[in-house]
Amino acid sequence: MRFCANVTLLFTEMPMLQRFSAAKRAGFDGVEILFPYDLTVKDISRAALTAGTDVVLINCPPPNWAGGPRGFAAEPDRIERFRRDFDRSLRVAEALRVRHIHIMAGRAEGDAARDCMIENLRWATARAPHASLTIEPINRDTMPGYFLCDYDQAAGIIDQVGAQNLSLQFDTFHAHAITGDVLSTFAAHRPLIRHIQIGSFPARAEPGPGPIDFPGFFQAVRASDYRGWISAEYNPTGMTSDGLGWLAEERRDGTGEAAS
Ligand SMILES: O=C(O)C(=O)[C@H](O)CO
Ligand SMILES: [Mg+2]
């Protein structure tokens, strides 16, 4: 299994560009950076190259996290804004050779929002046929009013868009919040999943004891035909490096035995 670190949330003990090398030293082979738009592509490229990490995922749209908006793909009165943001995300993704662009839906509801998201995703998948685009159900306790908040809803939208380069982003923290059963939800939607993120519930911290069976989940992923990345997207309980026991364990041969 290939693991990457979400450097928007992990290694916040140091400045952003130093987090790439810290992630590599800690045993991650890639990084996600949710909002790279405040940095230059040149600086990010250099940090990734120096660290020897892939840049696995960025988010569309560009606004930074503090700004409030959570995307615009499902907001009927923001179509121009969505498309402008998408083009900017695409330019950054191409320059950094990013694996996936996560398209955020925004706050909306109802049939008009669904139709809008389908139309915007048809447009985006056709505009960037070589880019891998993802959508992720996000629970509404964490993000009130967020449109895409259910797995069947996301699967229906992917089906309606009907594009090879659109897939599901599966996050254990949200999956537990939404369905209460991470393993069954993973199994039910496995064919659509091309990116995985992990975090505990309810703390959204590193994998550990709690309602999510992480050893069982990793085992299910290993036993499936999933060949994508698994991203650590959580808020470390203390120093990031103190909470990486789960990674050391999973980087062994997957059975808990040390690899020779
Ligand atoms: O909130 C999450 O789980 C995500 O993955 C979003 O990308 C947040 O930016
Ligand atoms: Mg996530």
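The name given to the chain in an unreviewed UniProt entry is TIM barrel protein, with Paracoccus albicereus as the source organism.

This next bit is on the overall build of the chain. When helices and strands are counted, the chain shows 9 helices and 8 strands. Taking 18 Å as the expected radius of gyration for a compact globule of 260 residues, we find that the chain reaches 17 Å, a close match to that expectation. Dimensions of the chain, computed from the C-alpha atoms along their principal axes, are close to 55 × 40 × 30 Å. A total of 260 residues make up the chain; the buried ones form 54% of that total. Counting contacts in the chain only where the partners sit at least 6 residues apart, residues at least 24 apart contribute 76% of the total. Summing over all exposed atoms, the chain offers an accessible surface of approximately 11500 Å²; the carbon and sulfur share of this is 49%. Side-chain charges of the chain comprise 27 positive and 32 negative groups, with the mean position of each set lying 8 Å from the other.

What follows concerns the sheet that holds strand β1 (residues 2-6). As summarised here, the arrangement of the 8 strands in space is β1-β2-β3-β4-β5-β6-β7-β8, forming a closed barrel in which the pairing is parallel. Taken over all neighbouring pairs, the strand axes of this sheet differ in orientation by 30 degrees on average, direction set aside. Bridge analysis of strand β6 (residues 166-171) against strand β7 (residues 193-198) gives 4 bridges, and the strand direction is parallel. Bridge pairing in β7 links Q169 to H195. Helix α7 (residues 182-189) rests against β6 and β7 of the sheet, and its axis sits at about 170 degrees to β6.

Here we come to the coordination of the magnesium ion (ligand 2). The magnesium ion (ligand 2) binds to the protein through E136 (OE), D171 (OD), Q197 (OE1) and E233 (OE); the donor distances cover 2.0 to 2.2 Å. Taken together, the 6 donor atoms coordinating the magnesium ion (ligand 2) and their angles of 75 to 168 degrees define a geometry best described as octahedral. The exposure class assigned to E136 is buried, which follows from its relative accessible area of 2%. Assessed through its relative accessible area of 0%, D171 is described here as buried.

Time to look at the state of the cysteines. According to the stated counting rule, one finds 0 disulfides in the structure shown. With no disulfide partner, C116 has as its closest neighbouring cysteine sulfur the one in C60, 13 Å distant. Classification of C116 as buried rests on a relative accessible area of 7%.

With their axes 10 Å apart at the nearest point, α7 and helix α8 (residues 214-223) run at an angle of 15 degrees to one another. When the interaxial angle is binned, α7 and α8 end up roughly parallel. Pair α7 / α8 crosses with right-handed handedness. On α8, the residues touching V182, L183 and F186 of α7 are G216, F217, A220 and V221. When its residues are assigned to classes, the contact of α7 with α8 shows 6 nonpolar, 1 polar and no charged.

Not every one of the 12 residues close to ligand 1 is listed here, only the nearest: N59, E136, H174, R204 and E233. Take R204: an N or O atom from its side chain is 2.6 Å from an oxygen atom of ligand 1. In isolation ligand 1 exposes 260 Å². Once the protein is present, 98% of that is buried. Of the residues that constitute the shell around ligand 1, the class distribution is 3 nonpolar, 5 polar and 4 charged.

For the rest of this paragraph, the subject is the environment of M1. Along the chain, the position of M1 falls in the segment before β1. Among the residues examined, M1 registers a relative accessible area of 39% and is labelled partly exposed. Taking the C-alpha atoms as reference points, M1 and L183, 182 residues apart in sequence, are found 17 Å from one another.

Here the focus is the nonpolar core. Counting residues in each nonpolar core, the largest one holds 82 residues, and the members touching the most others are F20, F28, I103, M117, I135 and W246. Considering each element in turn, this core owes the most residues, 6 residues, to helix α3 (residues 79-96). Dropping the residues within four chain positions of it, F28 is found in contact with F3, C4, A5, L10, F11, A23, T53, A232, L244, W246 and L247.

Attention now goes to the packing of aromatic side chains. In this description, a pair of aromatic rings is defined by centroid distance and the angle of the planes. Within this structure, the stated rule accounts for 16 aromatic pairs. A centroid spacing of 6.3 Å and a plane angle of 55 degrees characterise the contact between F28 and W246, whose relative ring orientation is tilted. Note that F28 is positioned in the loop between α1 (16-26) and β2 (30-32) and W246 in helix α9 (residues 245-251), a separation of 218 residues in sequence. Of the two residues, F28 and W246, both sit in the buried class. Ring geometry for F186 and F217: centres 5.4 Å apart, planes at 80 degrees, overall edge-to-face. Here F186, found in helix α7, pairs with F217, found in helix α8; they are 31 residues apart in sequence, far enough to count as distant. Using a relative accessible area of 3% as the deciding quantity, one classes F186 as buried.

Thresholds, definitions, all that
- Residues numbered from 1 in each chain as written.
- Chains lettered and ligands numbered in written order.
- Predicted model: local features only at pLDDT ≥ 70, side-chain atom pairs only at ≥ 80, totals over all residues.
- Heavy atoms only, no water.
- Helix = DSSP H or I, 4+ residues; strand = E, 2+ residues; numbered from the N terminus.
- Rg over C-alpha atoms; globule rule 2.2 N^0.38 Å.
- Buried < 20%, exposed > 50% of the residue type's maximum accessible area, 1.4 Å probe, protein only.
- Contact = heavy atoms within 4.5 Å.
- Areas by Shrake-Rupley, 256 points an atom, 1.4 Å probe, with all protein chains shown as cover.
- Lys, Arg positive; Asp, Glu negative; His and termini not counted.
- Charge placed at Lys NZ, Arg CZ, Asp CG, Glu CD.
- Pairing = 2+ DSSP bridges.
- Axes fitted to C-alpha atoms, helices over the stretch in contact; angles between N-to-C directions.
- Donors = N, O, S within 2.8 Å, 3.2 Å for Na, K, Ca; no water.
- Tetrahedral: all angles 85-135°; square planar, octahedral: opposite > 155°, others 65-115°.
- Disulfide = S-S within 2.5 Å.
- Parallel < 35°, antiparallel > 145°, perpendicular 65-115°, else oblique.
- Left-handed = near helix turned anticlockwise from the far one by under 90°.
- Nonpolar A, V, L, I, M, F, W, Y, C, P; charged D, E, K, R; others polar.
- Near = heavy atom within 4 Å.
- Polar contact = N/O pair within 3.5 Å; in protein donor to acceptor, adjacent residues only side chain to side chain.
- Core = buried A, V, L, I, M, F, W, Y, C linked by side-chain atoms within 4.5 Å.
- Phe/Tyr/Trp six-rings, centres within 6.5 Å; stacked < 30°, edge-to-face > 60°.

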